[in-house]
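Architecture at a glance
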Amino acid sequence: MRMVMLGAPGSGKGTQGQRLAERLGVPHIASGDLLRAQVRARTELGRLVAGYLDKGRLVPDELVFDLVLPVVLTAAEAGGYVLDGFPRSVAQAVKAEELAPDSAGPERVIFLAVPEELLVRRLLERAAAAGRSDDTPSVITDRLRVFESETRPLVDHYRARGLLREVAGDLPADEVTEAIAAVL
Ligand code: AP5
């Protein structure tokens, strides 16, 4: 099964994506995790992308595609994936559709709908516990703005293709997991 998790920062893409991947027996591929790993490993790519991550801006498409697309194509050939954080814009989705065969594209897209005040609360709570560099109040505001302008249009993009399933993401995590299972 090939799945995309779509949602704002803090909506639970990572939490639910991980669970869903385990349930389906496929890899959980999170573009943000792959990018942060490059920063931690101090690679050339990590050096190029660190500033975008810290500011909550989208990393340029060519850098993201070079890093993420090969992983997605390999997973698609091996039986599927749960993709979290990619595509991040309609432009990325269209480019991925051009570069990858239909057999590697998503079969379902789960959109986790969560009110903004809850997103902010979750991210600030995580900031206190985990200290992610983009979980500061001003960067959270910027990430939510980027989501609205760049990523939310993907909801209509995938709805028009009949792939979208919307799930309320503002419930306890176990209930969200069950709701996702119910729409699949
Ligand atoms: P990315 O890593 O994708 O971060 P994000 O979209 O900001 O999302 P988060 O990881 O903050 O939240 P999430 O929705 O995964 O929720 P989570 O499960 O973690 O991207 C980071 C950056 O990388 C971007 O800003 C950009 O710079 C770059 N980037 C990534 N992909 C890119 C791309 N394709 N193109 C360009 N740039 C890209 O949960 C959040 C918190 O809430 C956790 O503490 C969790 O425990 C808690 N929580 C989750 N669910 C629940 C629940 N149901 N109830 C209570 N608490 C919950």
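Okay, so let's go over this structure. (Residues numbered from 1 in each chain as written. Predicted model: local features only at pLDDT ≥ 70, side-chain atom pairs only at ≥ 80, totals over all residues. Heavy atoms only, no water.)

Let's talk about the pattern of salt bridges
Spelled out, the test is: By salt bridge we mean one thing: a side-chain nitrogen of Lys or Arg within 4 Å of a carboxyl oxygen of Asp or Glu. Only DSSP runs of H or I reaching four residues or more are called helices, and only runs of E reaching two or more are called strands; each is numbered from the N terminus.
Taken as a whole, this structure holds 14 salt bridges when the rule is applied. Of the charged contacts, one joins R47 and E44 as a salt bridge, the two residues approaching to 2.8 Å between their closest N and O atoms. A residue pair is termed a helical-turn pair when its members lie 3 or 4 positions apart in one helix, as R47 and E44 do in helix α3 (residues 44–55) at three residues. Across the salt bridge formed by R161 and E97, the nearest N and O atoms sit 3.6 Å from each other.

Notes on the nonpolar core
The condition that has to hold: To qualify as a nonpolar core, a set must consist of buried Ala, Val, Leu, Ile, Met, Phe, Trp, Tyr and Cys residues joined through side-chain atoms within 4.5 Å. Only protein chains enter the accessibility calculation, which uses a 1.4 Å probe; a residue is then buried when its area is under 20% of its type maximum, exposed when over 50%, and partly exposed in between. In this description, contact between two residues means that some pair of their heavy atoms is separated by no more than 4.5 Å.
Core analysis: the largest hydrophobic core is formed by 39 residues, its most contacted members being L6, L83 and Y158. Ranked by the residues each element gives to this core, the list is headed by helix α4 (residues 61–78), at nine residues. Apart from the residues within four sequence positions on either side, L83 is in contact with M3, V4, M5, I29, V68 and V72. Within the second largest apolar cluster, eleven residues are counted, among which are M5, V82, L112 and V176.

Geometry only, nothing functional implied.
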